[in-house]
Amino acid sequence: MKNSGRRWQRRSYHHGNLKEVLLDAARKLIEEHGAFGFSLTEAARLAGVSPAAPYRHFRDRDALLAEVARSVFERFAARLDTAWNNGIPTPLSAFEALGRAYLAFARDESASYAVMFETVASVEESSKGIEAAASSPEAEKAFNVLLEAAAALCRQLPESERPPLKLVALHIWTMSHGVASLFIQEGSAAKKVPLSPEEVLESGLLIYLKGLGVLPEAEAGSAAQS
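These lines cover the structure that appears in this document, whether it is placed above or below.

1. What about the overall build of the protein chain?
Broken down by element type, the protein chain carries 11 helices and zero strands. Helices and strands in the protein chain line up, N terminus first, as α-α-α-α-α-α-α-α-α-α-α. Per-residue burial for the protein chain yields a buried fraction of 44% across its 226 residues. By element, 53% of the accessible surface of the protein chain is carried by carbon and sulfur atoms, the whole surface being about 12200 Å².

Structure follows, in structure tokens:
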């Protein structure tokens, strides 16, 4: 049995799937124990390879987590991009769909969502938070979707009155992340609020857009009631 196990491990090295096997193992461990609740050795054990095998691709556990975060950010960006749909049928309706997609991802894949921000902040050795995540290469595609939405919403304003678009996008991301984090935490007091996270986010964003002058008062009111 021991020789058979060693042969299986050697095949793992040579047929080129070791990295993917380790990533799959890391995803399972994240679901069970959180982003930082396991070691590289445990990932190797779950993947069925020797403790030394992961070092062929990853210098340590944080490097493995960073690769997981990159793959999650890609899926997250694709989900946001699909919801935004190039601002069709209208920038406002597409923006509302974008917010719903953001919260759906955070709710449906809570462990993956958490690892995006926790891992990026840790690996970059910066303070945890939305700014660290938004400025990382892994988050650029997702942030660009929000940036595109901000540009479409602000386009109706005179050019001299348009706010900095990157700042608007970061405000949108911050608000979305805050609502998502409050509602997906186990035992969160926010769950006792008689509103869904979608309603909380939508109303907050509509107030924000109205403050920017992007939304006429009548349009903001009708959108909030729909």
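Don't stop here, the text continues.
2. So, the nonpolar core
Core analysis: the largest hydrophobic core is formed by 65 residues, its most contacted members being Leu64, Phe76, Phe95, Tyr113 and Trp173. For this core, the secondary structure elements donating two or more residues are helix H2 (18-33), helix H3 (40-47), helix H4 (61-84), helix H5 (91-108), helix H6 (110-123), helix H8 (140-154), helix H9 (165-184) and helix H10 (197-212). Per element, the largest residue contribution to this core is 10 residues, and it comes from H4.

3. Let's talk about unusual backbone geometry
A cis geometry characterises the amide bond from Ile88 onward to Pro89, with omega recorded as 5°. Here Pro89 lies in the loop between H4 and H5. The residue Asn86 is not glycine, and still its phi comes out positive at about 60°. By the secondary structure assignment, Asn86 is in the loop between H4 and H5.

4. Remarks on the pattern of salt bridges
Inspection of the entire model under this criterion finds eight salt bridges. Here Asp108 makes a salt bridge to Arg79, at a shortest N to O gap of 3.2 Å. With Asp108 in helix H5 and Arg79 in helix H4, the pair connects residues that are 29 residues apart, well separated along the chain. Asp108 gets classed as exposed once you look at its relative accessible area, which sits at 51%. In this structure, a network of salt bridges that share partners links the residues Arg79, Arg107, Asp108 and Glu198.

5. What about the packing of aromatic side chains?
Summed over all chains, the structure comprises five aromatic pairs. With centroids separated by 6.2 Å and ring planes inclined at 75°, the aromatic side chains of Phe76 and Tyr113 adopt a geometry described as edge-to-face. A residue pair is termed long-range when its members are at least 10 positions apart, and Phe76 in helix H4 and Tyr113 in helix H6 qualify at 37 residues. Tyr113 shares its class with Phe76; the two are buried. Both rings, one in Phe143 and one in Trp173, keep their centres 5.6 Å apart while their planes meet at 25°; by these two values the pair is stacked.

6. A short note on the environment of Leu92
Considering the arrangement of structural elements, one finds Leu92 in helix H5. On the basis of relative accessible area, Leu92 is assigned to the buried category, the value being 12%. Sequence-wise, Leu92 and Leu153 are 61 residues apart; in three dimensions their C-alpha atoms are separated by 7.1 Å.

7. Considering H4
The terminal C-alpha atoms of H4, which comprises 24 residues, lie 34 Å apart, in line with the 34 Å expected from a rise of 1.5 Å per residue. A distance of 3.2 Å separates the backbone nitrogen of Asp62 from a side-chain oxygen at the start of H4, and that oxygen is part of Asp60.

8. Considering the packing of H2 against H4
Packed helix pairs are specified by the crossing angle of their axes together with the interaxial distance, meaning the distance between the axes. For the pair H2 and H4, interaxial distance at closest approach is 10 Å and the crossing angle is 85°. On the basis of their axis angle, the class for H2 and H4 is roughly perpendicular. Where H2 approaches H4, its residues Lys19, Leu22, Leu23, Ala26, Arg27 and Ile30 are matched on the opposing element by Leu64, Leu65, Glu67, Val68 and Ser71. Its residues assigned to classes, the contact of H2 with H4 shows seven nonpolar, one polar and three charged.

9. A closer look at H9
When the terminal C-alpha atoms of H9 are compared, their 28 Å separation across 20 residues agrees well with the 28 Å that a helix rising 1.5 Å per residue should span. Looking at H9, one finds that the buried residues are Val168, Ala169, Leu170, Ile172, Trp173, Ser176, His177, Val179, Ala180, Ser181 and Phe183.

10. Examining the packing of H4 against H5
Taken N-terminus to C-terminus, the directions of H4 and H5 make an angle of 150°; their axes are 7 Å apart at the nearest point. It follows from the interaxial angle that H4 and H5 lie roughly antiparallel. Considering only the axes of H4 and H5, their crossing is right-handed. In contact with Val72, Arg75, Phe76, Arg79, Leu80, Ala83 and Trp84 of H4, H5 contributes Pro91, Ala94, Phe95, Ala97, Leu98, Ala101, Tyr102, Ala104, Phe105 and Asp108. Looking at side-chain class alone, the contact of H4 with H5 contains 14 nonpolar, no polar and three charged residues.

Calculation rules
Residues numbered from 1 in each chain as written. Predicted model: local features only at pLDDT ≥ 70, side-chain atom pairs only at ≥ 80, totals over all residues. Heavy atoms only, no water. Helix = DSSP H or I, 4+ residues; strand = E, 2+ residues; numbered from the N terminus. Buried < 20%, exposed > 50% of the residue type's maximum accessible area, 1.4 Å probe, protein only. Areas by Shrake-Rupley, 256 points an atom, 1.4 Å probe, with all protein chains shown as cover. Core = buried A, V, L, I, M, F, W, Y, C linked by side-chain atoms within 4.5 Å. Salt bridge = Lys/Arg side-chain N within 4 Å of Asp/Glu carboxyl O. Phe/Tyr/Trp six-rings, centres within 6.5 Å; stacked < 30°, edge-to-face > 60°. Expected span 1.5 Å × (residues − 1). Polar contact = N/O pair within 3.5 Å; in protein donor to acceptor, adjacent residues only side chain to side chain. Axes fitted to C-alpha atoms, helices over the stretch in contact; angles between N-to-C directions. Parallel < 35°, antiparallel > 145°, perpendicular 65-115°, else oblique. Contact = heavy atoms within 4.5 Å. Nonpolar A, V, L, I, M, F, W, Y, C, P; charged D, E, K, R; others polar. Left-handed = near helix turned anticlockwise from the far one by under 90°.

All quantities given are derived from atomic positions and should not be read as evidence of function.
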